[in-house]
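Structural characterization, general
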Amino acid sequence: MQLYIHIPFCHRICPYCSFYKHTPGNTDMRAFIDAILLEARHHVDKTAENKLTTLYCGGGTPSMLSPTHLRLLFDGLHEIFDFSEIKELTFESNPATFDLKKAQLFKELGITRISLGIQSFDDTVLKTLGREHNREEAMAAVPLLREAGIPEVNIDLMFSIPGQSLESWKDTLRTAVSLKPDHISAYNLTYEEDTAFIDKLTAGEYLDDPEANAKFFTAGHQILTAAGFEHYETSNYAKRGTRSTHNASYWSGANYLGLGPSAVSTMGTTRWKNLPDTANYIKQINHVGHAQTEIEELDADDLHLERIALELRTLDGLDLSILTSDERKRAQSVIDEDMALIDNNRMILTERGMLLVDSIVEHIV
């Protein structure tokens, strides 16, 4: 089983982020941890499945949790789930929320992979993004995690940020490489609903420029692959043997269980989202054991589309045998335009094709 836990708390709300999150306020953290564990127990009792393959704690800022609450959470998870065959345990962290002692606790808890939400090493860009850390703190984070004995470190970066120059982006990439992480995720900023950034985009203060996006993407691809990172998914680069196992399970269509407010689960052909409201999530869990809402049954067409969209984003590419004859003809036109190639009956996007992956999916389907 792949398990995701959503920890929605942040010290500061970033103006670009559309994930469900909020400041802790007067949230009873013990009640929150208890609710996560109650929800976990509910699903395990219902499915009789408790053996974990991967665990991913995301947010929000999971590293905001106190050592006491982290121990309560992980002790409880170990009582409910079988960790004996777990391959990867990822924990999202902000550089401003941990020191060496806390990083050592991460190691003690069995966390094998820390994903650092750095986004940029440019203080001006970090200010635009509303991040609470600065370049100096970001630079110190990876060595600190290494000292604590964390096996794998990922750095999250973002490009096409308002006011960010191409040179600033290149400096961020080179700085990230110099820290010798195992994995780097490089995301194109997207303007999401219900964020301050989209309000500024709508007002004309910000500009979303596809040509500029392409230049930033290409710079990322060139610098990171030259540094020995494998570009194995549109936004993800890894040193040998350090691809994200948890994320790869999403891309391959595996079942996954999501715990916490707003978390999404897909089990078989059923997908649901939890209530995106922490206080009501806790109440609902204590009342009925789950917080499911927006439940949908995925039909064959839904699953077919998702498989095409997800496989095309990866270095392994799309299995052409799943396409209809009409879809294969449309896929051939993409290949004819040098945006993809065929290897062992799989369609793999070229660097040029990766820039247009969403449009290519729409064209094929």
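As a reminder, the structure under discussion sits directly above these lines.
What you see is a predicted model; the values in this text were computed from it and never measured. (Residues numbered from 1 in each chain as written. Predicted model: local features only at pLDDT ≥ 70, side-chain atom pairs only at ≥ 80, totals over all residues. Heavy atoms only, no water.)

1. A few points about the sheet that holds strand 15 (residues 346-349)
The sheet built from three strands is open, its strands ordered 13-15-14 with antiparallel pairing. The outermost strands of the open sheet, each flanked by one partner alone, are strand 13 (318-319) and strand 14 (340-343). The sheet contact formed by strand 14 and strand 15 spans four bridges and is antiparallel. Residue isoleucine 342 lies in a different strand from strand 15, and its bridge partner there is methionine 347. (Pairing = 2+ DSSP bridges. Helix = DSSP H or I, 4+ residues; strand = E, 2+ residues; numbered from the N terminus.)

2. What about the environment of glutamate 88?
Position of glutamate 88 relative to the elements: it lies in strand 3 (residues 88-93). Once the C-alpha coordinates of glutamate 88 and threonine 245 are considered, the two residues, 157 residues apart in sequence, prove to be 6.7 Å apart. The contacts of glutamate 88, once residues within four sequence positions are left out, are Thr53, Thr54, Leu55, Thr112, Arg113, Arg243, Ser244, Thr245 and His246. At 2.9 Å, the side chain of glutamate 88 forms a polar contact with the backbone nitrogen of histidine 246. (Contact = heavy atoms within 4.5 Å. Polar contact = N/O pair within 3.5 Å; in protein donor to acceptor, adjacent residues only side chain to side chain.)

3. As for helix 1 (residues 29-47)
Spanning 19 residues, helix 1 covers 27 Å between terminal C-alpha atoms, matching the ideal 27 Å at 1.5 Å per step. When we look at burial in helix 1, the residues that qualify are Met29, Phe32, Ile33, Ala35, Ile36, Leu37, Glu39, Ala40, His43 and Val44. For helix 1, the elements touching its buried residues are strand 1 (2-7), helix 2 (67-80), strand 9 (256-259), strand 11 (270-274), helix 10 (278-288) and strand 12 (292-297). Where helix 1 starts, the residue carrying a side-chain oxygen 3.1 Å from the main-chain nitrogen of arginine 30 turns out to be aspartate 28. Directly after helix 1, the chain includes alanine 48, whose backbone phi takes a positive value near 60°. (Expected span 1.5 Å × (residues − 1). Buried < 20%, exposed > 50% of the residue type's maximum accessible area, 1.4 Å probe, protein only.)

4. Some remarks on the packing of helix 6 (residues 166-178) against helix 8 (residues 210-226)
One way to put it is that helix 6 packs onto helix 8 with a least axis distance of 10 Å and a crossing angle of 25°. By the criterion of interaxial angle, the relationship of helix 6 to helix 8 is roughly parallel. The crossing of helix 6 and helix 8 is right-handed. Residues Leu166, Trp169, Lys170, Leu173, Arg174 and Val177 of helix 6 lie in contact with helix 8, whose contacting residues are Lys215, Phe216, Ala219, Gly220, Ile223 and Leu224. For the contact of helix 6 with helix 8, the residue count by class is eight nonpolar, one polar and three charged. (Axes fitted to C-alpha atoms, helices over the stretch in contact; angles between N-to-C directions. Parallel < 35°, antiparallel > 145°, perpendicular 65-115°, else oblique. Left-handed = near helix turned anticlockwise from the far one by under 90°. Nonpolar A, V, L, I, M, F, W, Y, C, P; charged D, E, K, R; others polar.)

5. What about the packing of aromatic side chains?
Any pair of aromatic rings gets described here by the distance separating the centres and the angle formed by the planes. Throughout the structure, instances matching the rule amount to 12 aromatic pairs. Through successive ring pairs, a cluster of aromatic residues spans Tyr16, Tyr191, Phe197 and Tyr206. When the ring centre of phenylalanine 229 is taken as origin, the NZ or CZ atom of lysine 239, which lies over that ring, is 4.6 Å away. (Phe/Tyr/Trp six-rings, centres within 6.5 Å; stacked < 30°, edge-to-face > 60°. Lys NZ or Arg CZ within 6 Å of the ring centre and 35° of its normal.)

6. Section: the side chain of threonine 266
Within the element layout of this structure, threonine 266 appears in strand 10 (residues 264-267). For threonine 266, the side chain forms a polar contact with the side chain of arginine 271, separated by 2.8 Å.

7. Looking at the pattern of salt bridges
When the charged atoms of two side chains with opposite charge come close together, those side chains can pair. Considering all chains together, one arrives at 13 salt bridges under this definition. With a shortest N-O distance of 3.9 Å, arginine 71 and glutamate 108 are connected by a salt bridge. Of this pair, arginine 71 sits in helix 2 while glutamate 108 sits in helix 3 (residues 100-108); the two residues are 37 residues apart in sequence, bridging distant segments of the chain. On the basis of relative accessibility, which here comes to 56%, the residue glutamate 108 falls in the exposed class. Put simply, glutamate 233 and arginine 313 hold a salt bridge, and the shortest N to O gap is 2.6 Å. (Salt bridge = Lys/Arg side-chain N within 4 Å of Asp/Glu carboxyl O.)

8. A look at unusual backbone geometry
Cis geometry marks the peptide bond from glycine 59 to glycine 60; its omega dihedral reads 15°. Mapped onto the elements, glycine 60 comes out in the loop between strand 2 (54-59) and helix 2. Even without a glycine there, the phi angle at glutamine 119 is positive, about 75°. If you trace the backbone, glutamine 119 turns up in strand 4 (residues 113-119). Here glutamate 294, not a glycine, exhibits a phi torsion of approximately 50°, which is positive. Within the secondary structure layout, glutamate 294 lies in strand 12. Overall, the relative accessible area of 54% leaves glutamate 294 in the exposed class.

From the geometry alone we can't say anything about function, so treat these as descriptive.
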